[in-house]
Each structure stands twice: as structure tokens, then as C-alpha cells.
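# Observations on the model geometry
The residues making up each chain are set out below.
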Amino acid sequence: MSSNPTNRESFGSKFGIIAATAGSAVGLGNIWRYPYITGENGGAAFIFIYLAIVLVIGIPVMLSEFTIGRRSQLNVFGAFKKLAPGKPWYLIGVMGVAAAFMILAFYTVVAGWTLEYLYQSAINGFKGKSAAELTSMFNSFTGSSFRPLLWYFIFMGFTAAIVMAGVKGGIEKSTKIMMPLLFALLIVLIVRSLFLPGAEKGLSFLFKPDFSKITTSTFLLALGQAFFSLSIGMGTLITYGSYIPKKDNLATTAVSVVITDTLVAVLAGMAIFPAVFAFGIEPASGEGLAFITIPNIFQQMTGGMFFSVAFFILLALAALTSTISVLEVIVAFFVEELKLKRSFATWIATLSVSVLGVFCVLSTSSLAGFKIAGLTIFGLMEFTTANILLPLGGLLIVIFIAWFYGRQNTLNELTNDGTIKARYIPVFMFVIKFIAPLAIAFIFLKGIGIIKI
Ligand code: PFF
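What you are looking at is a predicted structure, and each value in this text was computed from that prediction instead of being measured.

## Some points on the overall build of the protein chain
Assigned secondary structure in the protein chain consists of 18 helices and zero strands. For 453 residues, the compact-globule estimate of 2.2 N^0.38 gives 22 Å, and the protein chain sits close to it at 21 Å. If you line up the protein chain on its principal axes, its C-alpha atoms span 65 × 50 × 45 Å. Counting over 453 residues, the protein chain shows a buried share of 58%. Long-range pairs, those at least 24 residues apart, make up 82% of the contacts in the protein chain with a sequence separation of at least 6. Per element, the accessible surface of the protein chain, about 17100 Å² overall, is 71% carbon and sulfur. When the 30 basic and 18 acidic side-chain charges of the protein chain are each reduced to a single mean position, those positions are 6 Å apart.

Take a look at the structure:
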């Protein structure tokens, strides 16, 4: 049973809605993953494909999630129970809560690393270290157990404290401070990076279109990145959508969030690559980029300690505004479906995620040899969520809105019950009926190897 939604909390202002929602979207995915895969996969050619996917699939899925959340005024599980009583659509909610557990478990591990690196920056711990020394510093840190576990729990603690303080007093209030700060730090870093001699080589790595690098797997990469980066496909935006007041325009909110998310990703590339190339460093991938290449730049740069602190604060803030949104999915579910008090629900959610989280932390140390289907537990959580649960969730969500919930109900929600216009509705319905599901299904089946072309 779902609880009575009348005394539910909601976001208090337009800026608060954007700060919280864009805060969920902007995260580790934007700052180290997007720039790197863009550089390696055809630069501007990849950005073009990414933008097309965001436009044709990302925005429609996001708008569908907002519609489900705001209409139902409930958590991801309760939402489907309410909008489709007696039907199995609530399984999307079950999948969403499961994905939230998995994402939070592995994502907080990397978020915890950002705190270690913030600490190292503050004590000038990279100074005078060669690339090889920085690599072994990273390997010995992630190969140990105590410090990564400690930072994991500290990061989880921050996340839990914000969520416990509530939707308005915790999530909205904190993201209204963190998001502008994040932008300010990003601008400082971009300016520093662009003024380095040789910066233009980094810009051309990032932006020069190379269509020869585009293959069918580029589309899968772009799709996975779009889902993960926009926080769609698992009900985070159903949950946040349920806190958007009835008078706000869902379509403009979705477009603003998508623009912010994409902008931060591109700006992060402009902060990182000019500096990488200016110092003649080979661009590394993933964690290596943030935790080896970047410290290597900072320790050579004038004022490096200051910029290094700024960079790791940026990374930690980006991660925190995302982890709170994932924890909120689980907490809202516990509060509304299991009738727990918010504080108790937050404790239970945090502790239970942390059981899985500890296994993820130890995936780079004592459990590195423990593999399932060739992947460590960390890798398994990442793969299952990004490549399976999110695309599948997104597919089912658009099918639900297009084919089950229907045009009239959707129109009512998107026009705030007839008070604003939604001229885009024919295009939106066409896209979610045919184009988005076919595109997601195709890319998804190709990705898991069922379609081979
Ligand atoms: N969007 C976040 C990022 O790009 O880092 C990650 C994320 C947050 C994924 C919330 C899913 C989610 F529900």
C-alpha cells in the first residue's frame, strides 16, 4: 500500500528543482568518463551522436519519468502501483530500486577516492612525484583496504546526512549551494587550462571530428553514457519528478537539465584536455585520468596545489549531488511502501547498501581475484546497471507511457491539467511510441550480443 501523498514534501523553487535534478545528472560520469570517451571516439563526431541520442532518447525518457513521478506523487515502486493497479508494471520499480542499490554501492567507492585525493592535494602529496610514482600511489591506495573503506563510509555519511534532512531542507538546500560552486570551480579550472601554452592540441583532441572512429559500438557507448549521465532509466527522475510542484513546466525542466548535463560534460573536457596536452601527457582512461594524469599535471603546474584542491572538490561535489539522488530512490521507497520514518529509512538504506559497497571497495584489493563472469563485484555492478538495467528500464518506461498510460493522461500531466501548452505532444508521442523504443531495443540487443551486425 502506498501512503497518502497529501503531506508529501516537494521542492520549493524552480532553481531548487534544476539544482537538485541537474545535480543528480552531473556527476563522475560527466567529469572523467565523458571527456575521455569523446576524445577517443571521434571527438566532435561522437558529440554529434551523443547529442542525437540525448535528443531522441534522453529527453523523451526523462519527460516520461517526470510524468510518472509527478502524476503519482510517489516513489518509483508506488508510482507504477498507483498508475497501473493490478498490473505488473511495478516490476519497473523493483528494477529501479535494485539498480539504485547497485549504483550507489560502486559509485560511492570512486566518490570516496575523490576524498582521499582531496586530502592528498591539500597536504601537497603529489609534489615532485613522477608519473610512475603517481601510478603506484594510486595502485597502493586502491590496493589497500582500510583507507578506501574509511573514505567510502565518510562519503556515505555525507550522503545520508543530506537525505535524512529531507527533500527541501536537505537535498534542495544543499544542491542550491553545491551546483553553483561546482560551476564556479569548473570555470576557474577551464581558464587555467586554456591559458597554458599548447592548450590548443587538447581542444583539437576533444573537438576535431573523426568520422572514421564511428562504429556500431560507438552508438552503444553513447547510449550507455547518455542513460548513466542523465540519471535516467531507473526511476531517480520519477522520484525527483514526484517532488516537482504541479505548476512547473516539466518539458522546460527536462530540457534545462539535459542542457546543463551536456554542458558540464563538454566543459569538463575543456578543463582537462588542454592541460593534459600542454604537459605532453598521454590521455589515460577512466579512473586513471582523474587519479593519475590529473595529479601529474597539477604537480607540474604553477599554483598546482590550489587547482588540485579545486579539482577534487569539484569531483566530490559532483559525486555527492548524484549519490543523494540515488539514495533518495531507496529512502522514498522505504518511507512510502514500508511506512518507515525518514531517519530510520535512511539508516537502513545506507547500511544495507554498504554491505554491497564493502564488497565493491574490496574489489580492488583483497577481493580483486574474486570474479563473476570475468568481472569483479565492482565491475559487475557497473556493467549490470549501465548496460542492462538502465536501458531496459528506459525502454519499459517509454513503452509504459506511450502504450499503456496513453496520450490523454500524459497530455493532462504535461499541460498541468490544461493550464499550459504542450505543442510538442504529437512529436513526443510519436517518438516514445516508435522511435525511442526501437532505438533503445536495437542498441540494447546489439550491446548484449543478441543482434549481430
Ligand atoms: N548521472 C550520474 C553521473 O553522470 O555521474 C550518475 C548517476 C546518478 C546515475 C544517479 C544514475 C542515477 F540514478
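Once the structure has been displayed, the description carries forward.
## Some words on empty space enclosed by the protein
Tallied over the entire structure, the rule returns two cavities of 30 Å³ or more. Taken as a whole, the largest cavity spans an internal volume of roughly 150 Å³. The wall of the largest cavity is formed by 16 residues, among which Ser24, Tyr107, Phe228, Ser231 and Ser322 lie closest to the centre. Among the secondary structure elements, those contributing two or more residues to the lining of the largest cavity are helix H1 (14-25), helix H2 (28-40), helix H5 (90-122), helix H10 (216-230) and helix H14 (304-337). Among the residues making up the lining of the largest cavity, the classes are represented as seven nonpolar, nine polar and no charged. Of the volumes computed, that of the second largest cavity is approximately 100 Å³. For the second largest cavity, the full set of lining residues is Leu189, Arg192, Ser193, Ala271, Ile272, Ala275, Ile294, Ile297, Phe298, Met301 and Phe311. Residue assignment for the lining of the second largest cavity shows that the elements contributing at least two residues are helix H8 (167-194), helix H12 (250-278) and helix H13 (286-300).

## A short note on the site of the ligand
Taken together, 16 residues lie near the ligand, and Ala25, Gly29, Tyr107, Phe228 and Thr236 sit nearest. At 3.2 Å, a backbone N or O of serine 24 approaches a nitrogen atom of the ligand. One of the side-chain N or O atoms of asparagine 30 is found 3.3 Å from an oxygen atom in the ligand. In isolation the ligand has 340 Å² of accessible area, and contact with the protein removes 100% of it. Most atoms of the ligand, that is more than half of them, are within 2 Å of grid points of the largest cavity.

## Observations regarding the environment of serine 136
Its place among the elements puts serine 136 in helix H6 (residues 131-142). A sequence separation of 126 residues divides serine 136 from threonine 262, and the C-alpha atoms of the two residues are 33 Å apart.

## Considerations on the packing of aromatic side chains
Under the definition given, this model contains 36 aromatic pairs. Between tyrosine 107 and phenylalanine 228 the ring centres are 6.0 Å apart and the planes differ by 55°, which places this aromatic pair in the tilted class. Remark: phenylalanine 228 occurs in helix H10 and tyrosine 107 occurs in helix H5; sequence separation between them is 121 residues. Phenylalanine 228 shares its class with tyrosine 107; the two are buried. Ring plane angle 50° and centroid distance 5.7 Å describe the contact between tyrosine 117 and phenylalanine 312, whose orientation is recorded as tilted. Of the two residues, tyrosine 117 sits in helix H5 while phenylalanine 312 sits in helix H14, which places them 195 residues apart along the sequence.

## Here's the deal with the layout of surface pockets
Quantified by volume, the largest pocket comes out at close to 670 Å³. If you go around the largest pocket, you meet 31 residues; those closest to its centre are Trp32, Arg33, Glu287, Phe378 and Glu382. Contributions of two or more residues to the lining of the largest pocket are made by H2, H5, H6, H10, H13 and helix H16 (377-405).

## Thoughts on the nonpolar core
Phe11, Met62, Ile68 and Phe311 are the most contacted members of the largest nonpolar core, which has 157 residues in total. Ranked by residue count, the leading element in this core is H14, at 20 residues. Dropping the residues within four chain positions of it, isoleucine 68 is found in contact with Ala79, Phe80, Leu83, Ile238, Ile397, Phe400 and Ile401.

## Some thoughts on unusual backbone geometry
With a phi angle near 60°, lysine 339 is a residue other than glycine that sits in the positive phi range. Position of lysine 339 among the secondary structure elements: in the loop between H14 and helix H15 (342-361). The phi dihedral of aspartate 417 falls on the positive side, at around 55°, and the residue is not glycine. Tracing the backbone shows aspartate 417 in the loop between helix H17 (407-414) and helix H18 (425-447). On the basis of relative accessible area, aspartate 417 is assigned to the exposed category, the value being 51%.

## Here's the deal with the confidence of the model for the protein chain
In regions of low pLDDT, the predicted coordinates are not meant to be interpreted in detail. For the protein chain, the average pLDDT comes to 94, and 98% of its residues sit at 70 or higher. Counted against residues more than four places away or in other chains, residues 1-5, with its pLDDT under 50, gives 13 contacts.

## Details of the side chain of serine 354
Within the secondary structure, serine 354 is located in helix H15. A polar contact of 2.7 Å, which involves the side chain of serine 354, links it to the backbone oxygen of threonine 350. Not counting chain neighbours up to four residues away, the residues in contact with serine 354 comprise Tyr152, Phe153 and Met156.

## Quick look at the pattern of salt bridges
All told, the structure shown has 11 salt bridges when counted by the stated rule. Taking the shortest distance from any N to any O, the salt bridge between glutamate 413 and lysine 246 comes out at 3.4 Å. Of this pair, glutamate 413 sits in helix H17 while lysine 246 sits in the loop between helix H11 (236-241) and H12, and the two are 167 residues apart along the sequence. The class for glutamate 413 is buried, based on a relative accessible area of 1%. For lysine 246, a relative accessible area of 39% puts it in the partly exposed group. The closest approach of N and O atoms between aspartate 248 and lysine 247, which form a salt bridge, is 3.7 Å. Look at aspartate 248 and you get buried, because its relative accessible area is 3%. Salt bridges sharing partners connect three or more residues here, namely Arg70, Arg71, Lys246, Glu413 and Asp417.

Thresholds applied
Residues numbered from 1 in each chain as written. Predicted model: local features only at pLDDT ≥ 70, side-chain atom pairs only at ≥ 80, totals over all residues. Heavy atoms only, no water. Helix = DSSP H or I, 4+ residues; strand = E, 2+ residues; numbered from the N terminus. Rg over C-alpha atoms; globule rule 2.2 N^0.38 Å. Buried < 20%, exposed > 50% of the residue type's maximum accessible area, 1.4 Å probe, protein only. Contact = heavy atoms within 4.5 Å. Areas by Shrake-Rupley, 256 points an atom, 1.4 Å probe, with all protein chains shown as cover. Lys, Arg positive; Asp, Glu negative; His and termini not counted. Charge placed at Lys NZ, Arg CZ, Asp CG, Glu CD. 1 Å grid on protein atoms, 1.4 Å probe; cavity = no way out; pocket = protein on both sides within 12 Å on 5 of 7 lines; lining within 4 Å. Points joined across faces, edges and corners; volume = space filled by probe spheres on them. Nonpolar A, V, L, I, M, F, W, Y, C, P; charged D, E, K, R; others polar. Near = heavy atom within 4 Å. Polar contact = N/O pair within 3.5 Å; in protein donor to acceptor, adjacent residues only side chain to side chain. Sits in = over half its atoms within 2 Å of the grid points. Phe/Tyr/Trp six-rings, centres within 6.5 Å; stacked < 30°, edge-to-face > 60°. Core = buried A, V, L, I, M, F, W, Y, C linked by side-chain atoms within 4.5 Å. pLDDT = per-residue confidence, 0-100. Salt bridge = Lys/Arg side-chain N within 4 Å of Asp/Glu carboxyl O.

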